[in-house]
Amino acid sequence: MPECGYPSPYVVDTHANRPPLPPRLSRKRQRLGAAQTLLFMLVSLALFGMFIEAYLIYHFHISEYATSGSSSKLIADVNSPTERPSDVLPSKPVAHLTGGQDVVHKSHIMAWSINADPTLYEMDYKDRCLVFQKEGYYHVYSKVYFFSSEPFEHSIHWRTKRYKGKSIPLLSSTTHPESSHRKKGRYHSFNSDQKSNSYLGGVFHFYKDDAIFVHVSNSSQIVRSKPFENIFGAFMI
Ligand SMILES: *[C@@H]1O[C@H](CO)[C@@H](O)[C@H](O)[C@H]1NC(C)=O
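Conventions used here
- Residues numbered from 1 in each chain as written.
- Predicted model: local features only at pLDDT ≥ 70, side-chain atom pairs only at ≥ 80, totals over all residues.
- Heavy atoms only, no water.
- UniProt positions renumbered as here; feature names shortened; annotations may be inferred.
- Salt bridge = Lys/Arg side-chain N within 4 Å of Asp/Glu carboxyl O.
- Helix = DSSP H or I, 4+ residues; strand = E, 2+ residues; numbered from the N terminus.
- Buried < 20%, exposed > 50% of the residue type's maximum accessible area, 1.4 Å probe, protein only.
- Pairing = 2+ DSSP bridges.
- Polar contact = N/O pair within 3.5 Å; in protein donor to acceptor, adjacent residues only side chain to side chain.
- pLDDT = per-residue confidence, 0-100.
- Contact = heavy atoms within 4.5 Å.
- Near = heavy atom within 4 Å.
- Areas by Shrake-Rupley, 256 points an atom, 1.4 Å probe, with all protein chains shown as cover.
- Nonpolar A, V, L, I, M, F, W, Y, C, P; charged D, E, K, R; others polar.
- Axes fitted to C-alpha atoms, helices over the stretch in contact; angles between N-to-C directions.
- Core = buried A, V, L, I, M, F, W, Y, C linked by side-chain atoms within 4.5 Å.

The name recorded for the chain in an unreviewed UniProt entry is TNF superfamily member 14, from Labrus bergylta. Per its UniProt entry, the chain bears the Subcellular location (unreviewed entry) comment "Membrane". Recorded under Sequence similarities (unreviewed entry), the UniProt text for the chain is reproduced unchanged: "Belongs to the tumor necrosis factor family."

So this is what it looks like as structure tokens:
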């Protein structure tokens, strides 16, 4: 009994009153629970702080990339045309077409890629032609990349219901292979894969349902390795 000094209050308590023990125990538990909650909160706070820190470090790195002129992010954006702002619509009709592996050129008329996600707003692309939905003045342009050993012609033609029959050339450019090779008498062997670019641009008036297309002297000579090397577009001014 002397060594068991502890149970005596218990005995006394039980005699005096039944319930005193459970509240004591629960208070102890409550204190333990409060301590656990406090610990949990502290750990959470520490973790939260770590997350904030990680987030700030990440942001700092991103902004550093952006301001230091690193082109990695820009290149990534350029190579994925799907990252265009989809909620921003042009204020006027616009079209921009590019080349691609899916295009099938006619011998003289160039085709443009559908898979390359072309920009087309209030304009149609039909049967290798850009078709106007709205009458007005448009800036029209095209660039092609080609190889040729002979003079290469690149032009933009206009087709309208108002003039039946042949299409009307609007812009044209003829590129001649470099003459220095010809002088040396090695014209054919040297120029067989001489590459050049041709760019055309101008402003014209079009009616609804008018169509324009890109005509070349030989579409087999178009270099088709990269989609953005051959382009065709128009926008209302
Ligand atoms: C068109 O170009 C290709 C490739 O250079 C050539 O083989 C072909 O003979 C050319 N066609 C014409 C009609 O000149």
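The structure having been displayed, the exposition proceeds.
### Quick word on the pattern of salt bridges
All chains considered together, the criterion is met by 4 salt bridges. With a closest N to O distance of 3.3 Å, Lys-134 and Glu-122 form a salt bridge. You can see Lys-134 sitting in the loop between β4 (129-132) and β5 (136-147) and its partner Glu-122 sitting in the loop between β2 (119-121) and β3 (123-126), a full 12 residues away along the chain. Salt-bridge contacts for Arg-128 lead to Asp-127; the nearest nitrogen and oxygen are separated by 3.6 Å. We classify Asp-127 as exposed; its relative accessible area is 60%.

### Points about the pairing of β4
Neither face of β4 is open: one carries Cys-129 and Val-131, the other Leu-130 and Phe-132, and all of them are buried. Here β3 runs beside β4; their pairing, made up of 4 bridges, is antiparallel. Considered in β4, the bridge of Asp-124 is made with Val-131. Connecting β3 to the next strand, β4, in antiparallel fashion are 2 residues, including Asp-127 with a positive phi near 50°.

### Topic: the side chain of Ser-198
Within the secondary structure, Ser-198 is located in strand β8 (residues 195-206). Polar side-chain contacts of Ser-198 include one of 3.2 Å to the side chain of Ser-173.

### Details of the confidence of the model for the chain
When pLDDT is low, close inspection of the predicted coordinates is not appropriate. Chain-level statistics for the chain give a pLDDT mean of 80 and a share of 71% at 70 or above. Here helix α3 (residues 72-79) is the element of the chain with the lowest mean pLDDT, 44, and strand β9 (residues 211-216) is the one with the highest, 98. When the criterion is pLDDT under 50, residues 1-5 qualifies, and its contacts beyond four places in sequence or with other chains add up to 0 contacts.

### Quick look at the site of the ligand
Every residue close to the ligand is listed here: Phe-147, Asn-218, Ser-220 and Gln-221. Interatomic distance of 2.3 Å between a side-chain N/O atom of Asn-218 and an oxygen atom of the ligand. In isolation the ligand has 360 Å² of accessible area, and contact with the protein removes 34% of it. Looking at the shell around the ligand, its residues break down into 1 nonpolar, 3 polar and no charged.

### A look at the sheet that holds β5
Read across the open sheet, the 5 strands follow the order β2-β1-β10-β5-β8; overall the sheet is antiparallel. With partners counted over all chains shown, the strands left at the sheet margins are β2 and β8, one partner each. Averaged over all adjacent pairs, the angle separating strand axes in this sheet is 15°, with direction ignored. Bridging between β5 and β8 involves 12 bridges; their strand directions are antiparallel. If you follow Val-144 over to β8, its bridge partner there is Ser-198.

### Topic: the environment of Phe-132
Tracing the backbone shows Phe-132 in strand β4. Between the C-alpha atom of Phe-132 and that of Tyr-207, which follows or precedes it by 75 residues, the distance is 7.1 Å. Ignoring anything within four residues of it in the chain, the contact list for Phe-132 reads Met-123, Tyr-138, Phe-206, Tyr-207, Lys-208, Asp-209, Asp-210, Ile-212 and Ala-234.

### Describing the nonpolar core
Counting 29 residues, the largest nonpolar core has Leu-130, Val-140, Ile-156, Phe-206, Ile-212 and Phe-232 as the members making the most contacts within it. The element best represented in this core is β5, accounting for 4 residues. Excluding residues within four positions of it along the chain, Phe-206 makes contact with Phe-132, Lys-134, Glu-135, Gly-136, Tyr-138, Val-140, Trp-158, Leu-170 and Ile-212. Listed in part, the 5 residues of the second largest apolar core include Ile-109, Cys-129, Ala-211 and Phe-213.

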